[in-house]
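An overview of the molecular structure
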Amino acid sequence: MNIGIAGAGLIGRLLAWQLLRRGHKITLFDRDAAAGELSAARVAAAMLAPYSEAVHSERAIFDWGRESLALWPALLHDLKIDSDIDVFFQHQGSVVVAHANDRSSLDHFNKCLLHAVPDFSDSIQPLDKNSLQELEPELAERFSAATFLREEGTLDNRELLLALEQAIRCAGALWYEGSEVTKVDAGAIYFDNEIFHCDLAIDTRGFGAKKQLADLRGVRGEVLWVHAPEVHFTRPIRLMHPRYQLYIAPKRDSVYVIGATEIESESLAPISVRSSLELQSALYSTHTGFAEANVLHAYANCRPAFMDNLPRVEISDGLMRVNGLFRHGYLLSPVVMAQALAAIEGRVEHSIVKYIDAVNYSSTKSVCA
Ligand SMILES: Cc1cc2nc3c(=O)[nH]c(=O)nc-3n(C[C@H](O)[C@H](O)[C@H](O)COP(=O)(O)OP(=O)(O)OC[C@H]3O[C@@H](n4cnc5c(N)ncnc54)[C@H](O)[C@@H]3O)c2cc1C
């Protein structure tokens, strides 16, 4: 098929790559340059944290998240073959901590987690100071109790986006950078006062699709990327914080991402002073080595979310919309992508996928109903 994809962020790139592998002809449109600085995908910390998310989300996020975690290694293996880039992926668990004053929030988190996923209690391990010392020695200097979530992980989103770009370009796709898409309809993508006609138009514009998806909302998030050679955390750390779910995700070469604020606002303004101070003081409170860290980036963007905070794949003749990945884009995209591909091939296997009536599709009607 001749397929047009509007939005080359996380899910748009993943779909483009896999559809190229299946022999389809792909044309991508994005208002941004290929580096993806305007996408939520670029801003994210790329935590793969089904357990931590289970406390605040529907059980489906946990189940799809675990399914996706199992799919990432094979996907990244194929991506290395196609791009020659070995994307950083780490799956050795994460550690949840709280300062002494916030100890009750850690106890509460543990209780809620066991209540949410009682059948997976074996993967939730309380740690005393000695076992924390063995697992993450530098964390034990500041914390005396923690919880180890042995199945969680993280990946490097910068490397993933770059590897996907390389693989897509090598496979011969056309990529229109700096192209504003105003509308995606069955078999048509409207961009820069032109219309691109295709057999299937896929809308993966994330929050940028809001004008066509009335029930989509943006949830603002802010992160800092720092270089901290004096810190040697090996796993993602989640810090219980009275206002946010804060985590520190280690990447290669002493780079750490600290995030993320979660604010019910659709503002795309740069990070606020308040958020920046809160993130930096939370970071410093885990390890004095962060005092000398250099701030590499301060990003803000909006997570695309529907009211139920669940992802959706909607398909009809000539049109597919994939959206609502919210704070779970990296956690869920392998499963969401697999379901979108199955739907394109005429198989619907999952409740993520809905058939929609493209003719009656209107921007004021929820297609999920
Ligand atoms: C601060 C923050 C932290 C996060 N942390 C995590 C995390 O730790 N783990 C996790 O799993 N998820 C995380 N996420 C969520 C994850 O980033 C998103 O779920 C995911 O990026 C959504 O993918 P998407 O492809 O739908 O949208 P995006 O990645 O935003 O991609 C959309 C693309 O469409 C383009 N576009 C938009 N409008 C137009 C238009 N009109 N014309 C042309 N192009 C357009 C954009 O430029 C962009 O390239 C985080 C998000 C944020 C903001």
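Look up a bit, the structure's there.
Residues numbered from 1 in each chain as written. Predicted model: local features only at pLDDT ≥ 70, side-chain atom pairs only at ≥ 80, totals over all residues. Heavy atoms only, no water.

Let's shift gears to the overall build of the protein chain. Of the regular secondary structure elements, the protein chain holds nine helices and 21 strands. Over its C-alpha trace the protein chain gives a radius of gyration of 20 Å, about what one expects of a compact globule, namely 21 Å for 369 residues. Each of the three principal axes of the protein chain carries a C-alpha extent, and together these read 60 × 40 × 40 Å. Classification of the 369 residues of the protein chain by burial places 58% in the buried group. Across the protein chain, the fraction of contacts at a sequence separation of at least 24, relative to all contacts at a separation of at least 6, is 74%. About 15,100 Å² of surface is accessible on the protein chain, with carbon and sulfur atoms providing 51% of the total. Across the protein chain, the mean location of the 35 positive side-chain charges is 3 Å away from that of the 47 negative side-chain charges. (Helix = DSSP H or I, 4+ residues; strand = E, 2+ residues; numbered from the N terminus. Rg over C-alpha atoms; globule rule 2.2 N^0.38 Å. Buried < 20%, exposed > 50% of the residue type's maximum accessible area, 1.4 Å probe, protein only. Contact = heavy atoms within 4.5 Å. Areas by Shrake-Rupley, 256 points an atom, 1.4 Å probe, with all protein chains shown as cover. Lys, Arg positive; Asp, Glu negative; His and termini not counted. Charge placed at Lys NZ, Arg CZ, Asp CG, Glu CD.)

The subject of this paragraph is the packing of aromatic side chains. The final tally for this structure, using the stated rule, is ten aromatic pairs. Arranged with centres 4.9 Å apart and planes meeting at 90 degrees, the rings of tyrosine 51 and phenylalanine 62 form a pair that is edge-to-face. Separated by eleven residues along the polypeptide, tyrosine 51 in helix α3 (residues 50-54) and phenylalanine 62 in helix α4 (residues 59-83) bring together distant segments of the chain. Accessibility classification places tyrosine 51 together with phenylalanine 62 in one group, the buried group. An aromatic cluster is defined as three or more aromatic residues linked by ring pairs; in this entry it consists of Phe29, Tyr176, Phe191 and Phe196. One Lys or Arg, arginine 217, reaches over the ring of phenylalanine 326 and ends 5.9 Å from the middle of that ring. The ring of phenylalanine 306 has arginine 312 sitting right over it, with the charged end atom 3.7 Å from the ring centre. (Phe/Tyr/Trp six-rings, centres within 6.5 Å; stacked < 30°, edge-to-face > 60°. Lys NZ or Arg CZ within 6 Å of the ring centre and 35° of its normal.)

Looking now at the pairing of strand β15 (residues 237-240). Side chains Ile237 and Leu239 project from β15 onto one buried face, and the interleaved Arg238 and Met240 project onto a second face that is buried too. Sheet topology note: the strand β5 (residues 94-97)/β15 ladder contains three bridges and is parallel. Note that in β15 the partner of valine 95 across the bridge is isoleucine 237. Here four bridges tie β15 to strand β16 (residues 245-250), and the two strands are oriented antiparallel to one another. In the sheet register, arginine 238 faces β16, and the bridge partner there is tyrosine 247. (Pairing = 2+ DSSP bridges.)

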